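Remarks on the overall topology
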Amino acid sequence: MKKYIKLFVAAIVALIFIGTFVFLWQKSQPKPVVYEELTPQTQDIRKTTIITGKIEPRNEVNVKPQISGIISELLKEPGQHVQQGDVIAKVKVIPDMGSLSAAESRVRLADINLRQVETDFARTQNLHNQQLVSDEDFEKARQQLKQAQEEKAAAVDALQVVRDGVSKSNASASSTLIRSTITGVILDIPVKVGNSVINSNTFNDGTTIATVANMNDLIFRGNIDETEVGQLAIGVPMKITIGALQDLSFDATLEYISPKATESNGANQFEIKAAVAIPTSSATGGNTLRSGYSANAEIVLAAASQVLAVPESAISFEVDSTFVYVLKGKAEKPGEQQYERRAVSTGLSDGVNIEIKSGITLNDHVRGPQIITDEDTDNE
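Here the residue index of a chain counts from 1 through its sequence in written order. Totals for whole chains, interfaces and linings use every residue, but because this is a predicted model, local features are given only for residues with pLDDT of at least 70 and side-chain atom pairs only at 80 or more, for both listing and counting. Neither water nor hydrogens contribute to the side-chain values; these are computed over all heavy atoms in the structure.

Section: the sheet that holds strand β5 (residues 81-82)
The strands making up a sheet associate through backbone hydrogen bonding, with each pair oriented either parallel or antiparallel. Counted only if it meets this: For two strands to count as paired, DSSP must find a minimum of two bridges between them. Numbering of helices and strands runs from the N terminus, with a helix taken as a DSSP run of H or I at least four residues long and a strand as a DSSP run of E at least two residues long.
Sheet architecture is open: four strands sit in the order β3-β10-β8-β5, paired in antiparallel fashion. This sheet does not close on itself; its edge strands, each paired only once, are β3 (60-63) and β5. Sheet topology note: the β3/strand β10 (residues 210-213) ladder contains four bridges and is antiparallel. What sits directly across from Val63, in β10, is Ala210.

A closer look at the pattern of salt bridges
Threshold: Any Lys or Arg side-chain nitrogen located within 4 Å of an Asp or Glu carboxyl oxygen qualifies as a salt bridge.
Applying the stated rule across the entire model yields 16 salt bridges. Note that Arg46 and Glu298 form a salt bridge whose closest N and O atoms lie 3.7 Å from each other. With Arg46 in strand β2 (residues 41-57) and Glu298 in strand β15 (residues 294-311), the pair connects residues that are 252 residues apart, well separated along the chain. Put simply, Glu318 and Arg341 hold a salt bridge, and the shortest N to O gap is 2.6 Å.

Looking at the packing of aromatic side chains
In plain terms, the rule: Centres within 6.5 Å make a pair out of two Phe, Tyr or Trp rings, where for Trp the six-membered ring is used; the pair is then stacked when the planes are under 30 degrees apart, edge-to-face when over 60, and tilted otherwise. Lysine and arginine charges are scored as sitting over a ring when NZ or CZ, respectively, is within 6 Å of the ring centre and within 35 degrees of the ring normal.
All told, the structure shown has one aromatic pair when counted by the stated rule. If you follow Arg341 out to its NZ or CZ, it ends over the ring of Phe323, 3.7 Å from the centre. For Arg367, the ring lying beneath its charged end belongs to Tyr339, and the centroid distance is 5.6 Å.

Quick notes on the confidence of the model for the protein
Counted only if it meets this: Per-residue confidence from the predictor is given as pLDDT, running between 0 and 100.
Summarising the model, the protein shows a mean pLDDT of 81, and 82% of its residues fall at 70 or more. Across the protein, element-level confidence peaks in β10 with a mean pLDDT of 94 and bottoms out in helix α5 (residues 374-379) with 50.

Concerning the side chain of Ser258
We count it as follows: For this analysis, a polar contact is any N or O atom pair within 3.5 Å, provided that within protein one partner can donate a hydrogen and the other can accept it, and provided that sequence-adjacent residues contribute only side-chain to side-chain pairs. Throughout, a contact is declared for two residues whenever any of their heavy atoms are within 4.5 Å.
Counting through the fold element by element, Ser258 comes out in strand β13 (residues 248-264). Among the polar contacts listed, one links the side chain of Ser258 to the backbone oxygen of Lys260, at a separation of 2.8 Å. When sequence neighbours within four positions are dropped, the list of residues in contact with Ser258 reads Phe270 and Glu271.

A word on unusual backbone geometry
Heads up, the condition is: The buried label goes to any residue with under 20% of its type's maximum accessible area, the exposed label to any with over 50%, and the partly exposed label to all in between, with areas taken from a 1.4 Å probe on protein chains only.
Of note in this structure, Gln306 is not a glycine but carries a positive phi near 50 degrees. Of note, Val319 is a non-glycine position whose phi angle comes to about 55 degrees, a positive value. Within the fold, Val319 resides in the loop between β16 (316-318) and β17 (321-327). Residue class for Val319 comes out exposed when judged on its relative accessible area of 84%.

A few points about the pairing of β2
Both β2 and β15 contribute to a ladder of 13 bridges, which runs antiparallel. By the bridge assignment, Arg46 is partnered in β15 with Ala303. Summarising the sheet, β2 and strand β11 (residues 218-225) pair through five bridges and their orientation is antiparallel. Across the sheet, the residue bridging to Glu56 is Ile219, located in β11.

Here's the deal with the environment of Ile257
You can see Ile257 is positioned in strand β13. Among the residues examined, Ile257 registers a relative accessible area of 21% and is labelled partly exposed. Taking the C-alpha atoms as reference, Ile257 lies 9.2 Å from Ala274; in sequence the two are 17 residues apart.

Looking at the environment of Ile278
Note that Ile278 resides in the loop between β14 (267-276) and β15. What makes Ile278 partly exposed here is its relative accessible area of 36%. In this structure, the C-alpha to C-alpha distance between Ile278 and Met215, residues 63 residues apart in sequence, is 9.1 Å. Excluding residues within four positions of it along the chain, Ile278 makes contact with Met215, Asn216, Leu218 and Leu289.

Looking at the sheet that holds strand β9 (residues 196-197)
Spatially, the four strands line up as an open sheet ordered β7-β6-β4-β9, and their pairing is antiparallel. The outermost strands of the open sheet, each flanked by one partner alone, are β7 (177-179) and β9.

Re the environment of Leu308
Its place among the elements puts Leu308 in strand β15. Sequence-distant contacts of Leu308, defined by excluding residues within four places in its chain, comprise Pro40, Gln41, Ile354, Glu355, Ile356, Ile360, Thr361 and Leu362.

Some points on the nonpolar core
Rules: As used here, the term nonpolar core means buried Ala, Val, Leu, Ile, Met, Phe, Trp, Tyr and Cys residues forming a set that is joined through side-chain atoms within 4.5 Å.
If you look at the biggest cluster of nonpolar residues, it comprises 26 residues, and the most contacted ones within it are Ile55, Phe220, Met238, Ile240, Ile242 and Ile272. The residues touching Met238, leaving out its near neighbours within four places in the chain, are Phe220, Phe250, Asp251, Ala252, Leu254, Ile272, Ala274, Ala297, Glu298 and Ile299. If you look at the next biggest cluster of nonpolar residues, it comprises 14 residues, including Ala89, Val197, Ile209 and Val212.

The structure is reproduced here in structure tokens:
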């Protein structure tokens, strides 16, 4: 009995050994290489590029005061629409003591001169009534009186302007009222009530009271690499996508390409501008386009319509030549396919598919990438 048990155990061990050897031998045998079969197709190919930039108004105006002073009242807020001439803020004038003193002195001198001229005119008028003075001398005296009165009025106006920033004679055009110079939307009011402001002069740009822009005339501004700028032309269409508006897209037209490059991160970039077609509020779902939105512009650099194309993964590039492997007949088993190496002439590529100008036809089948199975992955 023990003898049979030993023989049985020995047989089992032998079977295990033989099975392991067969399994390892099979695993060591090379697997047939199987490739995808690709068929050329007729399709449109477009080479595009994506440019990152932002949306901004074409004309953005900084409204500045004509006089120096302190903001006494703000009548508008950012986001409000204003017409040209609308009052945005009021400025309280803090007069310069030197200018104020000079203006007051001018008024006093004008008053003294006026009183003297009035006395002279009264005397001349009395003599004229007695026919002791000619009409010509009387008219000269009257002219001098009018000039003295005008000088007094001008001096008083100048004093009021220096002291109050406005005079009675030009109250409607007061420089203390800061008015919008264009019709548009107020983008920003960087000052507050009580802030000191100065007017623009030779030595400084002046204080910005408000920034106003026409939001119905927007542009896309971005930069394109020097390797692609040569393929652009004024007037080409663009597609603008704004992520902040749930990836809504708008049409735009390229209208400016900078003639000079600027260096950015070691690469030469050229600035471009494109006019954005403003959609209706219904097209944007009621969303408003705002200045400074980040946006992406898609530009078609080149296009080919209804051309023969294959996936670019089927192309073999060698120096200045391109080749494909064309299937020869049908194989009975996977891995037994035979391919013919054939030179082809290529054209435009979109990064996925590439145009084939000559070398193959629609009836050919070309070799694609190798098919990787789970077993191949496990072996690796």
